[in-house]
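Remarks on the overall topology
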Amino acid sequence: MGEESLSIGFLGGAGTVTGSKTLLEFDDQKILVDCGLFQGLKVFRQLNWQPLPVLPSRINSVLITHAHLDHVGYIPLLVKNGFKGSIYATPPTCDLAKVILRDSAKLQEEEAWLANQGGYTKHQPAVPLYTLKDAEESLKNFVPVEEGRVISFTKEFSFRFLKSGHILGSAFIEINFKNRIIVFSGDLGRANPVLLAPPTKIPEADYLILESTYGDRDHSKTLTEDALAYLVNDALRKKGNLIIPTFAVERAQEIMFILNTLREKNMIPASVPVYLDSPMGIDATEVMMNYPAWHKLSQEMISKMVHDIIKVRELSETINIIKDKRSKIIIAGSGMLSGGRALEYLKAYVEDRRTTVLFVGYQAEGTRGRAMLRGAEKIKIHGHYYFINADIKEISSFSGHADRSEIIQWLFGFTKLPQKIFLNHGELKSSDALRMQINETFSCSCEIPLLNEKKSLFF
Ligand SMILES: [Zn+2]
């Protein structure tokens, strides 16, 4: 590596939407951008158990774009395996990471316990990837940094966070290295997010690392409110339940906000009970209340939004809700059905024809959510198969990710386009479609790095 150069290694989020980890190396510095968990397909999940190509103890710092598990979920393991530096993130991201990492650790402990109880593991005994204690330990490394504040690591390297409109606290990372600018999009938000300010327009960059989750398609233009109202009323007409598997951060709050709007407009009956069965979703809503500068809702709007929601923390309550025969709306994690309370409702209701399961977020390859959307006949939960007789629906306009047109539109915001764009965080088909679209629209070169590929950025 030449004196002037900086290398960039794609340790995750390459060829897939999960496991985001990008390593920047220059002089004796190693800086990791995002530290996510692989999810979905088993070949990817197994990567969580493989050692990183760099020793965690050699990494100086970690910068985090946002608190989703596929961007922060590996942190407890990084710290457990020797990382001693600081983890920089915006204040809401620090608070949300607490919620997400504690939950992730608990889920992994639970899964390992269940696997050992039920004997449905090939590993004897099954062990969690990390424990709650590991997660707690790793939280001590977080350092909150306000949006726009410049942090310098060396004379030649500094960075700042800029709002990216994806979830509460989410940010682009704009790095200045020897007066050249490298921007990480993290996950790029919609042009007009329901609860957040739109993504910041970046004036210029020399290199851009850009996500490509929806690089091959545009979201449906159906009005989200109308679509949700229709499905609620349809579930009530069938005397069934509406289960909405939901990401705890942002999507859960969006759904609550829209349900409240629908009630106020009399588009759905006020009498139908709505449960938020997600301890993490409840905590994330509280974090949102603590950061009014990071979203568009007034305190009064939030109070109204949560007023009629029945919040559920304990599994014993879940069991009672399932015993209750009345129709209801259930917002429960996890968003891709890889774990969480939503599975308890599926076990109870997915074989019932009156049930509707509504997907409102991205379903990664290899997840139960993706299988159900593809029309799977049965689904395996905790070692048992269940026939899918429920109606499976999707409202894609709910997405927290910019679609193809919105990504291109955001790129038009640059007065000086990057000389090179690396497309990450996408399944290959999406990344490649976006690469072609960018090549047709702009005159900058575009690459799709492979997993563990390392590139030199020469200055
Ligand atoms: Zn995300």
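Thresholds applied
Residues numbered from 1 in each chain as written. Predicted model: local features only at pLDDT ≥ 70, side-chain atom pairs only at ≥ 80, totals over all residues. Heavy atoms only, no water. Donors = N, O, S within 2.8 Å, 3.2 Å for Na, K, Ca; no water. Tetrahedral: all angles 85-135°; square planar, octahedral: opposite > 155°, others 65-115°. Helix = DSSP H or I, 4+ residues; strand = E, 2+ residues; numbered from the N terminus. Buried < 20%, exposed > 50% of the residue type's maximum accessible area, 1.4 Å probe, protein only. Pairing = 2+ DSSP bridges. Axes fitted to C-alpha atoms, helices over the stretch in contact; angles between N-to-C directions. Contact = heavy atoms within 4.5 Å. Parallel < 35°, antiparallel > 145°, perpendicular 65-115°, else oblique. Nonpolar A, V, L, I, M, F, W, Y, C, P; charged D, E, K, R; others polar. Domains from an automatic or database assignment. Buried area = accessible area lost by both parts, 1.4 Å probe. Salt bridge = Lys/Arg side-chain N within 4 Å of Asp/Glu carboxyl O. Polar contact = N/O pair within 3.5 Å; in protein donor to acceptor, adjacent residues only side chain to side chain. Arc of directions from axis to C-beta.

It is worth spelling out the coordination of the zinc ion at this point. Note on metal geometry: ideal angles are 109.5 degrees for four donors arranged tetrahedrally and 90 or 180 degrees for six donors arranged octahedrally. Coordination sphere of the zinc ion, protein contribution only: His66 (NE2), His68 (ND1), His166 (NE2) and Asp187 (OD), at 2.2 Å. Coordination at the zinc ion is irregular: its four donor atoms span angles of 91 to 165° at the metal. Sequence spacing of the donors to the zinc ion: H-x1-H-x97-H-x20-D. Placement of the pair is His166 in the loop between β8 (157-163) and β9 (171-177) and Asp187 in the loop between β10 (180-184) and β11 (207-211), with a sequence separation of 21 residues. Asp187 carries the same exposure label as His166, and that label is buried.

The next subject is the sheet that holds β9. Strands belonging to one sheet form pairs held by backbone hydrogen bonds; the direction of such a pair is parallel or antiparallel. One open sheet holds the seven strands; their spatial order is β7-β8-β9-β10-β11-β20-β21, and the pairing between them is mixed. Edge positions in the sheet fall to β7 (151-154) and β21 (445-447), since each has one partner strand and no second. Across the sheet, the mean angle separating the axes of adjacent strands is 20° when strand polarity is ignored. With seven bridges joining them, β8 and β9 adopt antiparallel strand pairing. In the strand pairing of β9, Leu162 is matched with Phe172. The strands touched by helix α13 (residues 404-412) within the sheet are β9, β11 and β20 (420-424), with β11 carrying the most contacts at an inclination of about 160°. Where helix α14 (residues 428-441) meets the sheet, its contacts fall on β11, β20 and β21, and the angle it forms with β20 comes to roughly 160°.

Look at helix α6 (residues 224-237) against helix α7 (residues 251-264): their axes get within 10 Å of each other, and the N-to-C directions meet at 75°. Between α6 and α7, the angle is such that the two are roughly perpendicular. On α7, the residues touching Thr224, Glu225, Leu228, Ala229 and Val232 of α6 are Ile258, Leu259, Thr261 and Leu262. Of the residues contributing to the contact of α6 with α7, the split by class is six nonpolar, two polar and one charged.

Attention shifts here to the domain arrangement of the protein. For the protein, the assigned domains read domain 1 (6-217 + 400-457) and domain 2 (224-398). Listed per partner, the contact involves 35 residues of domain 1 and 29 residues of domain 2. For the pair domain 1 and domain 2, the two sides together bury roughly 3,000 Å², of which 67% comes from carbon and sulfur. The largest share of the area that domain 1 buries against domain 2 comes from Leu168, Leu195 and Glu427, three residues that together contribute 23% of it. The tally of links between domain 1 and domain 2 comes to one salt bridge. With its nearest N and O atoms 3.1 Å apart, the salt bridge here joins Arg370 to Glu427. Our count for the contact surface shared by domain 1 and domain 2 stands at 12 residue pairs in polar contact (both at pLDDT 80 or more). For the side of domain 1 that touches domain 2, the leading source of residues is helix α4 (residues 91-118), giving 10 residues. Classifying every residue of the side of domain 1 that touches domain 2 gives 18 nonpolar, nine polar and eight charged.

Now for the pattern of salt bridges. Counted under the stated rule, the structure contains 30 salt bridges. For the salt bridge of Lys416 with Asp206, the shortest nitrogen-to-oxygen distance reads 3.0 Å. Of this pair, Lys416 sits in the loop between α13 and β20 while Asp206 is found in the loop between β10 and β11, placing the two residues 210 residues apart along the sequence. We classify Asp206 as buried; its relative accessible area is 8%. The closest approach of N and O atoms between Arg326 and Asp324, which form a salt bridge, is 2.9 Å.

With that settled, the discussion passes to helix α9 (residues 299-307). For α9, the full list of buried residues reads Ile302, Met305 and Val306. For α9, the arc enclosing every buried residue in end-on projection is 85°, short of the 170-degree limit, so these residues lie on one face. The exposed set on the far side of α9, more than 90 degrees from its buried face, consists of Glu300 and His307. Taken together, the buried residues of α9 touch α7, α8 (279-290) and β14 (309-312).

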